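Read off the chains here:
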Amino acid sequence: MFAYRGKPCYLIATHVDTVPAWSHPYAFSPYKDNDKVWGRGAVDTKGQIAALLNAIETTATSCAIALFVDEEESALGSERFTPPFAFAGAIVLEPTSLTLAIAEAGNIELSLSIKGEAAHGAMPGRGKNAIDIFCDLYQRLKTCPCLQALHPLFKATGINVGKIKGGMDCQIVPATCEVEIDIPILPGVGLEEAWGEIKRVLQRFPLSWEIKSFDFPWEISPQERVVKHLAQCVVKEMPVRFSGMPAWTDAANLFQKGIPSVVFGAGDLALAHTSQECIHLNELVTLSEILKTFLEVENKSG
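Since we're looking at a predicted model, the values are computed, not measured.

Conventions used here
Residues numbered from 1 in each chain as written. Predicted model: local features only at pLDDT ≥ 70, side-chain atom pairs only at ≥ 80, totals over all residues. Heavy atoms only, no water. Phe/Tyr/Trp six-rings, centres within 6.5 Å; stacked < 30°, edge-to-face > 60°. Helix = DSSP H or I, 4+ residues; strand = E, 2+ residues; numbered from the N terminus. Buried < 20%, exposed > 50% of the residue type's maximum accessible area, 1.4 Å probe, protein only. Core = buried A, V, L, I, M, F, W, Y, C linked by side-chain atoms within 4.5 Å. Contact = heavy atoms within 4.5 Å.

Caption draft 1: Region of the structure containing the packing of aromatic side chains. The tally for this structure, following the rule as stated, stands at 14 aromatic pairs. With a centroid separation of 5.2 Å and 50° between ring planes, the pair formed by Tyr-10 and Phe-294 is classed as tilted. Of the two residues, Tyr-10 sits in strand β2 (residues 10-15) while Phe-294 sits in helix α7 (residues 281-301), which places them 284 residues apart along the sequence. Residue Tyr-10 is classed as buried on the basis of its relative accessible area, which comes to 3%. With a relative accessible area of 0%, Phe-294 lands in the buried category. Taken together, a centroid distance of 6.5 Å and an interplanar angle of 85° make the contact between Trp-195 and Phe-214 edge-to-face. Taken together, the residues Trp-195 in helix α4 (residues 191-202) and Phe-214 in strand β11 (residues 207-215) connect sequence positions 19 residues apart. Grouped by ring-pair contacts, the aromatic residues Phe-2, Tyr-4, Phe-68, Phe-81, Phe-85 and Phe-87 constitute a single cluster.

Caption draft 2: Expanded view of the nonpolar core. Counting 57 residues, the largest nonpolar core has Leu-11, Ile-91, Leu-230, Phe-264 and Phe-294 as the members making the most contacts within it. Leu-11 has contacts with Phe-2, Ala-64, Ile-65, Ala-66, Phe-81, Phe-87, Gly-89, Ala-90, Ile-91 and Leu-254, leaving out every residue within four places of it along the chain. Counting residues in hydrophobic clusters, the runner-up holds 26 residues, among them Ile-114, Ile-181, Ile-185 and Leu-191.

The following block contains the structure:
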């Protein structure tokens, strides 16, 4: 969905889809506990949408909003979005704990099928344990030079083994193992070069792979117009802090369309997708005030 009024020069965007319930106790029946609201999408990104709608309802200034679908899957919403006119920049609402994320990690997501050799579980030396093979592969992947890169805006990143399935019973050596892994690629690291390193490791092992996603990292200057504009509004409420977004967002597709974007929003990204997803209402109020100021300052600056 896209809507605008007046002659806005910036876009504010987010997504409307969420991941599945995944054992969230209040997934589809939000629960309020003091200053927190629990529910699937409370952080990612229904809370952001509520703050945005409140901001645009409490001011009559120019604005443009895009609510994308499919961000949690193939991102077809932002991929197929055609801006009706040029934007000087965009804010993409995602949980950043109200920091300005001016960089985003790329990623290589892989589905691996590892082949071992079955044997009686009492004689593991006669077989080739496919789970053991993956464990060896995992340790070697972590030593790839592309994964040793550091970036001042990113912390606590690394390979995530999201799913692993192998074996039938401890009385038989697993002959197969299926794994899904997500490998972050930080800004400053070439995605193609990183894939070359990773592929050379994969080729040493008895496996096949499928690339599920292959996304480039990006970074913009804190002096970019949209960043400076947002920082001027944030400082009215709190100190300005910069960060890196470790997860893929729709900002990547906007970036590819020539729209410099900053990722910004309320809540803790670490809680998104989990059974503990919740958000503080006071953060949403602060976010709404910042967005309202952003729109009003934009209107005054013409």
